[in-house]
Amino acid sequence: MEIFATALPALGEALVLIFQPQQIMYLVLGVLLGLSVGVFPGLGGIAGLSLVLPFIFGMDPVSGLALMVGLIAVVPTSDTFASVLLGIPGSTASQATVLDGFPLSKKGEAARALSAAFISSLFGGLLGAIVLTFFLLIARPLILAFGLPEMLMITVLGLSMVAILAGRIPLKGVAAAGLGLLFGTIGESDASGSLRMASYDIPYLVDGLKLVIVGLGIFAVPEIVALLRQDRAISKSGGLGSGWLKGIADWFANLWLSIRSAIIGVIVGVIPGLGGSVVDWITYGFTVQSAKDKSQFGKGDIRGVIGPESSNNAKEGGGLVPTLIFGIPGSGSMAVFLGGIALLGYDPGPHMVRHNLDITYTIVWSLALANVIGAGLCILLSGQIARLTTIRFTLVAPFLFTIIAFAAFQSSQTLADLAALLAIGVIGIMLRRFEWSRPAFLIGFVLSSQAESFANQAVQIATVRFKRDFWNGMEYIGSPIVIAILLLTILSVYIGIKQGKQILGNSTPPVGDKRAPFLFLLAVTGYTAVAIWDSAQISVLRDKIFPITVGLVTLVSCGVLIMRMMTAPASDPVFADLEAGDEDGAAPHGLWGTLAWFGFLLGLASLVGFIIALTIFFIAFLRMRAGVSWMQTGILTTAAVGLMCFLGGVLGRDFPPGLLQEYVDLPWPLT
């Protein structure tokens, strides 16, 4: 009763503060900024918050909080546009939405997918706020119960989703996840700083590959190239399908799925360090596992949109728990948010919950209100924005190439970002072509760093405890929470192996010559062997245990796949090759010739700088590849250059310089 006596007056004060006209205005402004940022692939909540931080200083605290919370709340909603319409993850929180949202868009049901996503996001955001309201005063014991073993097991649970996303050949999924984990170990290790995988000779790799580059390369580049080869609109039917009312009806029909997914989102959001990078994959895996009919997942099942979208907004509410209670950011965007709260004069953590509970609840319910406003705007705009799918994709592709190159460059603002994007894009194309699970690869990459960190720290502490007493060590690594998560993981793997193949249905994949799939497998095997050898040269034991262990598992998987390929007939699904099918095989434009256009843009940027290269690229592409008139070419080129200059100016971002800029002093934006 004492808790309610404290919380209810504070909640009432918070609601009075929120509904002041000035605060509503700043909240709507934050929502509009979040919508603008979220629509562009690769620019998520971190970029948006970084944009407004300089203006936060000196503002009225409640107004500043309203501006930041409005932006944070709507990015996981608006990033759905890119995931559904373009097949490009708008941010790390919308990667799984691509798997079913984009196929729905290609079927002409973009509006249905978008409206289902937005109503799911709205529900998830509201549920997250409600849970957070009551969780703030009772969450401390639960948070403190999660030590390193529990964090490690949560990470392993995330990796277990590979089983359900592996597709027809489970070993390909395991190998893809292992490859992603190995890519995540590139660079300086967290434990002792040992350098791994050629980062001795390539300084760019010392800090490892950036998530935005890997995400864009694995998903965006392959899908843009595949659609560009077809030279038609994204939507085959050219229509918008059954509209946004149908999507809302789909959500009502799957209300229990939305509730469960939102709860998962809150729980994952509460745990610091996981957040948006993994919540959508965990939710997607459970969505598939719990479905009776799995045949349409990956082909355009609306449940594959509702599940992840319900969780990714709910996780923002959960992420505020460690952020507000302990001052520990639950995600990258929450880390920037903490900086904003400090600029407004507050001390996030127990002190704020104890002495500024009204401000704490202002944050929580501003989040809820922003979700309502953001989802409403997105639903109203979904019909108009979904019409983008009816535009000839050849006219859209150069804009997408430009935006993802600009987004990738923001990782470290060097030309190496563009080279890495192209290299990872080629890997993504190969994974897609030979039906290696790209989600499994991305899950491995995302979880690699924290899996290694949690494992190393947990082993060190467990070793000390076991030296004291055996049962003391067992008590540490075998807590009830660890055992519960372990059982859940085993169940997930069992169901995944048993039923995961149904995601792609019973159809036979296109197969062609044995040679190409076999050569790609040999390339993966060779890289894995080199990674193991490289790690073995490290003198610090704890820096090499993780990559060697992962590498050996991956190598064994590749070895079994090699044996199967050597003995199986050419019709075996292990030789899947989309280039032998009707969609890709009959495309009017070649794979490498199409990718060469992207390479041309990046290569030209390294010589003459991004804006000059962009101008030349657009003129050449639109005239030679799209075959449009000089007038259309001029209009579209001017629009592209103007858009990039606007983004660069507003976000305060630089453009990739080239060799020319080293010798000639040019004004912005040509610098």
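Please read these numbers as outputs of a predicted model, since none were measured by experiment. (Residues numbered from 1 in each chain as written. Predicted model: local features only at pLDDT ≥ 70, side-chain atom pairs only at ≥ 80, totals over all residues. Heavy atoms only, no water.)

Asks: Where do I start with the overall build of the protein in this structure?
Replies: Counting its secondary structure elements, the protein contains 31 helices and 2 strands. Per-residue burial for the protein yields a buried fraction of 58% across its 671 residues. For the protein, the proportion of contacts with a sequence separation of at least 24, taken over those separated by at least 6, is 81%. Carbon and sulfur atoms make up 69% of the accessible area of the protein, which totals about 25,400 Å². (Helix = DSSP H or I, 4+ residues; strand = E, 2+ residues; numbered from the N terminus. Buried < 20%, exposed > 50% of the residue type's maximum accessible area, 1.4 Å probe, protein only. Contact = heavy atoms within 4.5 Å. Areas by Shrake-Rupley, 256 points an atom, 1.4 Å probe, with all protein chains shown as cover.)

Asks: I'm lost on unusual backbone geometry in this one. Help?
Replies: Most peptide bonds take the trans configuration, and most residues that are not glycine carry a negative phi. Unusually for a residue other than glycine, Glu435 sits at a positive phi of about 55°. Relative to the helices and strands, Glu435 is located in the loop between helix H21 (415–433) and helix H22 (438–468). Look at Glu435 and you get partly exposed, because its relative accessible area is 23%.

Asks: How should the packing of aromatic side chains be read in this particular structure?
Replies: Given two aromatic rings, one states the distance between the centres and the angle between the planes to describe the pair. Under the criterion given, the structure shown has 16 aromatic pairs. Pairing Phe401 with Phe598 gives two aromatic rings, centres 4.6 Å apart and planes at 15°, and the pair type is stacked. With Phe401 in helix H20 (residues 393–409) and Phe598 in helix H28 (residues 591–608), this pair connects stretches of sequence that are 197 residues apart. Phe598 shares its class with Phe401; the two are buried. Ring pairs connect the aromatic residues Phe399, Trp597, Phe600, Phe617, Phe618 and Phe621, which therefore count as one cluster. Here Lys210 stacks its cationic end above the ring of Tyr204, 5.5 Å away from the centre of that ring. (Phe/Tyr/Trp six-rings, centres within 6.5 Å; stacked < 30°, edge-to-face > 60°. Lys NZ or Arg CZ within 6 Å of the ring centre and 35° of its normal.)

Asks: What is the right way to read the pattern of salt bridges from this model?
Replies: Pairing of side chains with opposite charge becomes possible as their charged atoms draw close. With the rule as written, the count across this model stands at 6 salt bridges. A salt bridge links Asp301 to Arg303, with the nearest nitrogen and oxygen atoms 2.7 Å apart. For the pair Asp301 and Arg303, a shared accessibility class is recorded, and that class is buried. Across the pair Asp572 and Arg564 runs a salt bridge whose closest N-O atoms are separated by 2.9 Å. The class of Arg564 is partly exposed, set by a relative accessible area of 33%. (Salt bridge = Lys/Arg side-chain N within 4 Å of Asp/Glu carboxyl O.)

Asks: Any chance you could explain the confidence of the model for the protein here in plain terms?
Replies: Keep in mind that low pLDDT regions are not for reading the predicted coordinates in detail. For the protein, the mean per-residue pLDDT works out to 77, and 78% of the residues sit at or above 70. Within the model, the stretch residues 502–506 combines pLDDT values under 50 with 18 contacts to residues more than four positions away or in other chains. (pLDDT = per-residue confidence, 0-100.)

Asks: Looking at this structure, how should I read the packing of H20 against H21?
Replies: Packed helices, taken two at a time, are described by their axes: the angle between them and the distance between them. Between H20 and H21, the shortest axis-to-axis distance is 8 Å and the interhelical angle comes to 125°. The orientation of H20 relative to H21 falls into the category oblique. As for how H20 packs across H21, the hand of that crossing is right-handed. Residues Ile404, Ala405, Ala408 and Phe409 of H20 form the contact with H21, whose own contacting residues are Leu415, Asp417, Leu418 and Leu421. Here the residues of the contact of H20 with H21 are counted per class, giving 7 nonpolar, no polar and 1 charged. (Axes fitted to C-alpha atoms, helices over the stretch in contact; angles between N-to-C directions. Parallel < 35°, antiparallel > 145°, perpendicular 65-115°, else oblique. Left-handed = near helix turned anticlockwise from the far one by under 90°. Nonpolar A, V, L, I, M, F, W, Y, C, P; charged D, E, K, R; others polar.)

Asks: Where do I start with empty space enclosed by the protein in this structure?
Replies: The gaps of empty space that remain are located by a probe, the size of a water molecule, rolled over the atoms. Using the criterion set out here, one finds 2 cavities of 30 Å³ or more in the structure. There is about 60 Å³ of room inside the largest cavity. As for the largest cavity, its lining consists of Pro222, Val225, Ala226, Arg229, Ile429, Arg432, Arg433, Glu579, Asp584 and Leu591. Among the secondary structure elements, those contributing two or more residues to the lining of the largest cavity are helix H12 (211–230) and H21. If one sorts the elements of the lining of the largest cavity by residue count, H12 sits on top with 4 residues. Empty space within the second largest cavity amounts to approximately 50 Å³. The wall of the second largest cavity is formed by Lys106, Glu223, Ala226, Leu227, Gln230, Arg432, Glu583 and Asp584. (1 Å grid on protein atoms, 1.4 Å probe; cavity = no way out; pocket = protein on both sides within 12 Å on 5 of 7 lines; lining within 4 Å. Points joined across faces, edges and corners; volume = space filled by probe spheres on them.)

Asks: What's the story with the nonpolar core in this structure? I'm lost.
Replies: Grouped burial of nonpolar side chains is what soluble globular proteins tend to show. Leu209, Phe337, Phe401, Ile404, Trp436, Phe598 and Met644 are the most contacted members of the largest nonpolar core, which totals 161 residues. Two domains each donate at least three residues to this core, and these are domain 1 (2–235 + 244–555) and domain 2 (591–663). Ignoring sequence-local partners within four residues, the contact set of Leu209 consists of Phe183, Ile186, Val214, Ala420, Ile424 and Phe445. (Core = buried A, V, L, I, M, F, W, Y, C linked by side-chain atoms within 4.5 Å. Domains from an automatic or database assignment.)

Asks: How should helix H6 (residues 97–106) be read in this particular structure?
Replies: Turn by turn, an α-helix covers 3.6 residues, leaving residues three or four places apart pointing in a common direction. The buried fraction of H6 is high, at 9 of 10 residues. For H6, the full list of buried residues reads Thr97, Val98, Leu99, Asp100, Gly101, Phe102, Pro103, Leu104 and Ser105. Positive backbone phi, approximately 90°, marks Gly108, located one or two places after H6.

Asks: Would you explain the side chain of Asp250 in this entry?
Replies: Mapping Asp250 onto the fold places it in helix H13 (residues 243–253). The class for Asp250 is buried, based on a relative accessible area of 7%. Those residues in contact with Asp250, other than ones at most four positions away along the chain, are Arg112, Ile302 and Ile306.

Asks: What exactly am I supposed to notice about a nonpolar patch on the surface here?
Replies: There is a patch of nonpolar side chains on the surface, built from Phe466, Phe470, Trp471, Met474 and Ile477 and spanning about 500 Å² of accessible area. With 4 residues, helix H23 (residues 470–477) is the largest single contributor of residues to the nonpolar patch. Note that Ile477 resides in helix H23. The partly exposed category is assigned to Ile477, whose relative accessible area is 35%. (Patch = residues over 30% accessible without salt bridge, like charges linked within 9 Å, V, L, I, M, F, W, Y side chains within 5 Å.)

Asks: Would you mind going over helix H14 (residues 255–270) with me for this structure?
Replies: A rise of 1.5 Å per residue sets the reference length of H14, with its 16 residues, at 22 Å; its end C-alpha atoms lie 23 Å apart and thus fit the reference within 8%. Along H14, the residues that are buried comprise Leu257, Ser258, Ser261, Ala262, Ile264, Gly265, Val266, Val268, Gly269 and Val270. (Expected span 1.5 Å × (residues − 1).)

Asks: Help me understand the side chain of Thr554 in this model?
Replies: Structurally, Thr554 is set in helix H26 (residues 541–567). According to the relative accessible area criterion, Thr554 is buried, its value standing at 1%. Residues within four places of Thr554 in sequence aside, it is in contact with Ala175, Gly178, Leu179 and Thr528.

Asks: Teacher, can you tell me more about the packing of helix H11 (residues 170–184) against helix H25 (residues 515–536) here?
Replies: Contact geometry of H11 with H25 gives a least axis separation of 11 Å together with a crossing angle of 40°. Classified by the angle between their axes, H11 and H25 sit oblique to one another. Judged by the sense of rotation from one axis to the other, the crossing of H11 with H25 is left-handed. For the pair formed by H11 and H25, the contact residues are Leu179, Leu182 and Phe183 on the first element and Val524, Tyr527, Thr528 and Ala531 on the second.

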